[in-house]
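In case you want the letters, here they are:
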Amino acid sequence: MDYQSLTSLPAMFFGKVAQHGDAPFLWHKRDGKYQPLSWRETADRVSTLARGLTAIGIQPHDRVVVVSESRPEWCIADQGIMAAGAITVPAYTTNTPKDHLHILNNSGAKAVIVSTPQLAERVMVAALQAIHLPMIIHMEPLELHQSPGLVLHPWEEVLQAGAAQPEEPLHTRVAALRRQDTACLIYTSGTGGAPKGVMLSHGAILHNCYGAYQVLLELGLEHEVFLSFLPLSHAYEHTAGMFFPISLGAQIYYAESIDGLAANLLEARPTIMTAVPRLYEVLRARILRGVDRAGGRKAKLFHKALELGTRRLEDPDSLSWRERLYDRLLDLLVRRKVAQRFGGRLKAMVSGGAPLNPEVGMFFLALGVRILQGYGQTESAPVISCNAPSKIKIDTVGRPLAGVDVRIAEDGEILVRGELVMQGYWEDAAATAEVVRDGWLHTGDIGEIDADGYIRITDRKKDLIVNSGGDNISPQRVEGFLALQPEIAQVMVHGDKRPHLVALIVPEAEFAAQWAQAYGKTADLSAVIDDPAFRKAIANAIERVNKELGQAEKVRRFILSAEVFSVGNGMMTPTLKIRRHAIRAVYGAALDALYEARG
């Protein structure tokens, strides 16, 4: 693939269609079984949708919102919008009507493509309040009472309208697209306030695809299969889980849910998978619980594989010749079985979207599952750097991608320059000027570059806690250690301008249930968290972590909550990063009260 000569994302897609024709491309569960859509079938629908959008009034540069779970129609909608010369505006399926209204008003969207009646209901509530009433294109049938005052277009009718239009104008429109044209408008997930629309060019995403190709080329990139798990509305999955596979001519399977992920891995048998650290944390916890339940020889072998694998990776010379032989044997007895849980042909899992705890990364590496930590943000399309498969430094985010310039500012902030940098925030020149200066994207992340050119992230600039003694503390580092404890599911530390750290802890539900059973208590977590003996168990877990932390990082007091941080309650982003401002809005007073407590 000659990435440099590509003029647009649709041009890349149609070029791959010419190569792969009737080969399977998109896989989606129907009637309990994965069914494929070929490259040619997908292209036919993209072409007819693009012409249909034009027929109902979509013009070049119009914004079209897409609200859908991951499915083939998402990819078709995205390609069809761009092929029509318009701009895709991905939106999360977890958005509230208020969230949708913000995006509709801010982007000035002319239309919304929505999948299910449930999602359409929230979209229509927002659409009726929007400054400019958008058209609604619905993939699935809607009840008539759901559409007061709205212009509705069933998906199939738009395709039929497109089929009646000539193809030549579409070819001309795709040929006219250039790398510098805006491809999509992706709204940030809002960890710190109202989302802003990030304008990404075709060239920015193509540049990312080229960089990813260069990083992974040593794996032998042919006949690849991706399992798409993250929301396609997120910049990471949008690029790494859709456009990068397209650039390789790969197949894409759409995962059903986190609960169905284990089965989907066995069905799809992916070669490459992208996900966020939270997923890897969940997978690690599930594997460990399963091993502990099995007990006996199986658990002993597993933990030995983990121990020897970790030592080999950290210092190969630390293993005796007997241990090296045993480690080889454990490849057969343990690591091969772990690999089968991921489908048996996984070349790499790529972690991005948030910092990966090195202990979590080392866990998978020691078990023979290659995990590559990368780094980026929506404003960089989104990938900036990634570990190379042949030289993994799991406590870093790897080297910058090809064609990406990175430097560290005097205050430690990571600055990025290259075609991957966004064109700016939609209709927000002031915010754009604040983060893009002289062509350099100011990431807001603090980090350093080692002698091998690998970037190490130490924290978010705006998330750094500065205590009353002037110490700079990384909350993510402390939270990462605490979340690894089996008693703790989720955590947020607090303490800016305060003498020490305090924490909000969500206990691990399974641990709480086991504790309640052992002590003859009710298994209701909301009741258990008030039990002094249970609080003591959590305190012991915190104390274990405190022994490994610096003086300023130690957590002195804590409160417990039975309510998990989730997307539904607004305390997590759709990519499972905690929203600190939202959590503080609910628990801030209780956390502050800990500083007044005595004893």
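Structure's up top.
Here is what the cut-offs are and how they apply
Residues numbered from 1 in each chain as written. Predicted model: local features only at pLDDT ≥ 70, side-chain atom pairs only at ≥ 80, totals over all residues. Heavy atoms only, no water. Helix = DSSP H or I, 4+ residues; strand = E, 2+ residues; numbered from the N terminus. Expected span 1.5 Å × (residues − 1). Buried < 20%, exposed > 50% of the residue type's maximum accessible area, 1.4 Å probe, protein only. Contact = heavy atoms within 4.5 Å. Phe/Tyr/Trp six-rings, centres within 6.5 Å; stacked < 30°, edge-to-face > 60°. Lys NZ or Arg CZ within 6 Å of the ring centre and 35° of its normal. Core = buried A, V, L, I, M, F, W, Y, C linked by side-chain atoms within 4.5 Å. Axes fitted to C-alpha atoms, helices over the stretch in contact; angles between N-to-C directions. Parallel < 35°, antiparallel > 145°, perpendicular 65-115°, else oblique. Nonpolar A, V, L, I, M, F, W, Y, C, P; charged D, E, K, R; others polar. Patch = residues over 30% accessible without salt bridge, like charges linked within 9 Å, V, L, I, M, F, W, Y side chains within 5 Å. Areas by Shrake-Rupley, 256 points an atom, 1.4 Å probe, with all protein chains shown as cover. Salt bridge = Lys/Arg side-chain N within 4 Å of Asp/Glu carboxyl O. Lys, Arg positive; Asp, Glu negative; His and termini not counted. Charge placed at Lys NZ, Arg CZ, Asp CG, Glu CD. Pairing = 2+ DSSP bridges. Polar contact = N/O pair within 3.5 Å; in protein donor to acceptor, adjacent residues only side chain to side chain.

Further remarks concern helix α12 (residues 296-314). Its 19 residues place the ends of α12 27 Å apart at the C-alpha level, agreeing with the 27 Å of an ideal helix rising 1.5 Å per residue. For α12, the set of buried residues is Ala299, Leu301, Phe302, Ala305, Leu306, Leu308, Gly309 and Thr310. Buried residues in α12 make contact with α11 (277-294), α13 (321-341) and α14 (358-366).

The tally for this structure, following the rule as stated, stands at 16 aromatic pairs. Taken together, the aromatic side chains of Tyr280, Phe302, Phe342, Phe363 and Phe364 make up a single cluster linked through ring pairs. Lying over the aromatic face of Tyr425, Lys196 brings its terminal NZ or CZ to 5.0 Å of the ring centre. Looking at Arg407, its charged tip hangs above the ring of Trp440, at a distance of 4.6 Å from the centre.

Membership of the largest hydrophobic core comes to 127 residues, with the highest contact counts inside it found for Phe302 and Phe364. The biggest single contributor to this core is helix α9 (residues 235-248), with 8 residues. For Phe364, the residues in contact, after removing those within four places along its chain, are Tyr280, Leu283, Arg284, Ile287, Phe342, Met349, Val369 and Ile371. Val528, Ile529, Val545 and Phe558 belong to the second largest nonpolar core, which has 27 residues in total.

Now for the packing of helix α3 (residues 72-83) against α9. Interaxial distance between α3 and α9 falls to 12 Å at its minimum, and their mutual angle equals 75 degrees. In this view, α3 runs roughly perpendicular relative to α9, as classed from their interaxial angle. Residues Trp74, Cys75, Asp78, Gln79 and Met82 of α3 form the contact with α9, whose own contacting residues are His238, Met242, Phe243 and Ile246. Class assignment for the residues of the contact of α3 with α9 results in 6 nonpolar, 2 polar and 1 charged.

One can describe the packing of α12 onto α14 by two numbers: an axis separation of 8 Å at closest approach and a directional angle of 105 degrees. As far as their axial angle goes, α14 and α12 are roughly perpendicular. From α12, Phe302, Ala305, Leu306, Gly309, Thr310, Arg312, Leu313 and Glu314 reach across to α14, where they touch Met362, Phe363, Leu365 and Ala366. By residue class, the composition of the contact of α12 with α14 is 8 nonpolar, 2 polar and 2 charged.

What follows concerns a positive patch on the surface. A cluster of basic side chains, namely Arg297, Lys298, Lys337 and Arg341, defines a positive patch on the protein surface. Counting residues per element, the ones that place at least two in the positive patch are α12 and α13. Note on placement: Lys337 falls in helix α13.

What follows concerns the sheet that holds strand β26 (residues 501-507). Reading across the sheet, the 3 strands line up as β25-β26-β27 and stay open at both edges, with mixed pairing between neighbours. Looking at which strands have only one partner, the edges of the open sheet turn out to be β25 (488-494) and β27 (555-560). Pairs of neighbouring strands in the sheet enclose a mean axial angle of 30 degrees, with direction left out of account. Where β25 and β26 come together, 6 bridges link them in antiparallel fashion. Following the sheet pairing, His494 is matched in β26 by Val502. Helix α16 (residues 475-483) rests against β25, β26 and β27 of the sheet, and its axis sits at about 155 degrees to β25. Across the sheet, helix α19 (residues 532-546) is in contact with β25, β26 and β27; its angle to β27 comes to roughly 145 degrees.

What follows concerns unusual backbone geometry. Residue Pro382 follows Ala381 across a cis peptide bond; omega there is -5 degrees. Residue position: Pro382 is located in the loop between β14 (371-376) and β15 (383-386). Phi angles above zero are rare outside glycine, and His61 is one such case at about 80 degrees. Mapped onto the fold, His61 is located in the loop between α2 (39-55) and β3 (63-67). For His61, a relative accessible area of 53% puts it in the exposed group. For Ala381, which is not glycine, the phi torsion reads 75 degrees and is therefore positive. Relative to the elements of secondary structure, Ala381 occurs in the loop between β14 and β15. For Ala381, a relative accessible area of 0% corresponds to the buried category.

Read from one edge of the open sheet, 9 strands run β2-β1-β11-β10-β12-β13-β14-β15-β16, paired in mixed fashion. Since the sheet does not close on itself, it has two edges, and those belong to β2 (33-38) and β16 (399-400), each with one partner. Of the strand pairs in this sheet, strand β13 (residues 348-351) and β14 are connected by 3 bridges, and their pairing is parallel. Within the sheet, the bridge partner assigned to Val350 lies in β14 and is Leu372. Sheet strands touched by α3: β1 (24-30), β2 and β11 (251-254). Its angle to β1, the strand with the most contacts, is close to 135 degrees. Its contacts with the sheet place α11 against β12 (272-275), β13 and β14, and it is angled at close to 105 degrees to β12.

Locating Ser107 in the fold gives a position in helix α4 (residues 97-107). At a separation of 3.3 Å, a polar atom in the side chain of Ser107 contacts the main-chain amide nitrogen of Ala109. In this structure Ser107 touches Arg63, Leu185, Tyr187 and Trp426, once residues within four positions along its chain are discounted.

Worth remembering: the numbers are spatial, not functional.
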